[in-house]
Amino acid sequence: MWGPVAEFERSLIHERQREGIALARRQAGMAATDALVMHLAQLSGQPVPAKYKRQRSQLVDAMLDGHFHFGNKKIAHGAGH
């Protein structure tokens, strides 16, 4: 279920534009970004620009490097009351 603000905005856009509305449940994260980019590509009838494919690849590489850099590290965390 969408919040009241999202439903209100959706109804305004539909009323003014008479177009279909696509709402995303999440606005952050790789899967949500991939879904948005693919949706925009489908709407435009154009392929995803190479620039964005390259940026996604760089992000995946950075995430993988970070995983190996920080993986198996021992940390101590203390919290006071």
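Our structure is the block above this text.
Remember, predicted model here, so these are calculated numbers, not experimental data. (Residues numbered from 1 in each chain as written. Predicted model: local features only at pLDDT ≥ 70, side-chain atom pairs only at ≥ 80, totals over all residues. Heavy atoms only, no water.)

Draft legend 1. Seen up close, the environment of Pro47. Along the chain, the position of Pro47 falls in the loop between helix H2 (30-44) and helix H3 (50-70). For Pro47, a relative accessible area of 63% translates into the label exposed. Between the alpha carbons of Pro47 and Val37 there is a distance of 9.8 Å; along the sequence they are ten residues apart. (Helix = DSSP H or I, 4+ residues; strand = E, 2+ residues; numbered from the N terminus. Buried < 20%, exposed > 50% of the residue type's maximum accessible area, 1.4 Å probe, protein only.)

Draft legend 2. Broad picture of a nonpolar patch on the surface. A cluster of nonpolar residues, Leu36, Leu40 and Leu43, forms a patch on the protein surface that exposes about 320 Å² of accessible area. Residue position: Leu36 is located in helix H2. (Patch = residues over 30% accessible without salt bridge, like charges linked within 9 Å, V, L, I, M, F, W, Y side chains within 5 Å. Areas by Shrake-Rupley, 256 points an atom, 1.4 Å probe, with all protein chains shown as cover. Salt bridge = Lys/Arg side-chain N within 4 Å of Asp/Glu carboxyl O.)

Draft legend 3. Structural context of the pattern of salt bridges. In the structure shown here, the tally under the stated rule is one salt bridge. Across the salt bridge formed by Arg56 and Asp34, the nearest N and O atoms sit 2.8 Å from each other. In this pair, Arg56 sits in helix H3 while Asp34 sits in helix H2, placing the two residues 22 residues apart along the sequence. The class of Arg56 is partly exposed, set by a relative accessible area of 36%. Owing to a relative accessible area of 24%, Asp34 belongs among the partly exposed residues under this scheme.

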